Protein chains: 2
Amino acid sequence: MSDLLERLRGRGWRMTSQRRVVAEVLDGDHVHLTADDVHARAAQRLPEISRATVYNTLGELVSLGEVIEVSTDGRAKRYDPNAHRPHQHLVCSNCGTIRDVHPAGNPLADLPAEERFGFAVSEVTVTYRGLCPSCA
Amino acid sequence: MSDLLERLRGRGWRMTSQRRVVAEVLDGDHVHLTADDVHARAAQRLPEISRATVYNTLGELVSLGEVIEVSTDGRAKRYDPNAHRPHQHLVCSNCGTIRDVHPAGNPLADLPAEERFGFAVSEVTVTYRGLCPSCA
DNA sequence: TCCTACAATGGACAGAGTCCAAGTCAAGAA
DNA sequence: TTCTTGACTTGGACTCTGTCCATTGTAGGA
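As recorded in an unreviewed UniProt entry, chain A goes by Transcriptional repressor and comes from Streptomyces sporangiiformans. Per UniProt, the comment on chain A under Sequence similarities (unreviewed entry) is "Belongs to the Fur family."

Now the structure itself:
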């Protein structure tokens, strides 16, 4: 993620301590934090950071394509920094833990034309559910 | 859906006018109403029905397996009465319209064991997105 | 160093959903 | 048919997630 800051700067993103902290919190693999999680972790380093700033920054990272927004259930959206390698998600139906997974096959090709109802289909998301090892 | 009421009665469901109206509103193919939609339509026939009752009844229908809860975006959940024939969803990224679709293939089989992280995977939901004919 | 446009703040607000105490009623019993 | 009772409904308060906006602050170029 260290080069994320560089990429953002290169795109003319104005660098502030708040944005830096949010970007740093979203570092690593299998990271799927809610906005509130991000706010809590960011506030450990920058206690006065506001919720609105966290939401704004997450929204910008999403529209820049650096972070993916994941809504697996009807609850809070999660933010996934693994935006540069296509993947799907595996969710524990009990505790909500999320893992990134890379299934074989191409689900887009599995949808026959007569099942497309004239839609210009451009995207597929696949969500696997089951019990994680700790919950099983 | 006419036999839904029979099935529910057979399961010992106490039949009230509110429950009957909610079940009747959820009738048909390609029906994907929000709880608020259901409440609005139910209220046309039974003006004094409360939001809490609609939520309670929808929740019961879901746990009885008669209705599927669909959360396609971060917005309101939708309720799909087509629970007895497995299917996936095709969503318009512009207007949110939903269609039931029946893709070929078996996405569960596409997830290799080494990508399951020890989860007992039991379910897959596939959501196709694109522009519907009216929005394209 | 100074400016200024862009960013952060925090508090109000909105939408979706849950909870609860009190009142109502479906359906079995007599 | 009427009675009884536990299940159901109500509406209002509440929570959670997210958005909006006027005000204040500041990064970074001149």
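Okay, the overall build of chain A next. Scanning chain A from N- to C-terminus turns up four helices and six strands. Along chain A, helices and strands appear, N-terminal first, in the series α-α-β-α-α-β-β-β-β-β. In terms of principal-axis extent, the alpha carbons of chain A reach across some 50 × 40 × 25 Å. Buried residues in chain A amount to 39% of all 136 residues. Sequence separation of at least 24 residues holds for 48% of the intrachain contacts in chain A that already meet a minimum separation of 6. Carbon and sulfur atoms make up 45% of the accessible area of chain A, which totals about 7,200 Å².

This part covers the relation of the copies chain A and chain B. For the pair chain A and chain B, the relating rotation is 179°, the translation along its axis is 0.1 Å, and the fit reaches an RMSD of 0.2 Å. Taken together, the turn and the small shift mark the pair as related by a two-fold rotation axis. In terms of C-alpha distance to the rotation axis, chain A has Val126 of chain A as its closest residue, with the C-alpha 2.2 Å off the axis. A symmetric contact is evident, with 100% of the interface residues of chain A recurring at the interface of chain B.

Around DNA strand C, the structure places 17 residues, and the nearest of them are Thr16, Gln18, Ser50 and Thr53 of chain A together with Arg14 of chain B. Near-protein atoms of DNA strand C (within 4 Å) split between backbone and bases, with sugar and phosphate holding 66%. Thr16 of chain A is positioned such that a nitrogen or oxygen atom in its side chain is 2.7 Å from a phosphate oxygen of DNA strand C. At a separation of 3.0 Å, a phosphate oxygen of DNA strand C approaches a polar backbone atom of Lys77 of chain B. Residue assignment for the surface near DNA strand C shows that the elements contributing at least two residues are helix H2 (17-25) and helix H4 (51-63) of chain A together with helix H4 (51-63) of chain B. Its residues assigned to classes, the surface near DNA strand C shows seven nonpolar, four polar and six charged.

What counts, and where the lines are drawn
Residues numbered from 1 in each chain as written. Chains lettered and ligands numbered in written order. Predicted model: local features only at pLDDT ≥ 70, side-chain atom pairs only at ≥ 80, totals over all residues. Heavy atoms only, no water. UniProt positions renumbered as here; feature names shortened; annotations may be inferred. Helix = DSSP H or I, 4+ residues; strand = E, 2+ residues; numbered from the N terminus. Buried < 20%, exposed > 50% of the residue type's maximum accessible area, 1.4 Å probe, protein only. Contact = heavy atoms within 4.5 Å. Areas by Shrake-Rupley, 256 points an atom, 1.4 Å probe, with all protein chains shown as cover. Least-squares fit on C-alpha atoms with pLDDT ≥ 70 in both. Near = heavy atom within 4 Å. Polar contact = N/O pair within 3.5 Å; in protein donor to acceptor, adjacent residues only side chain to side chain. Nonpolar A, V, L, I, M, F, W, Y, C, P; charged D, E, K, R; others polar.

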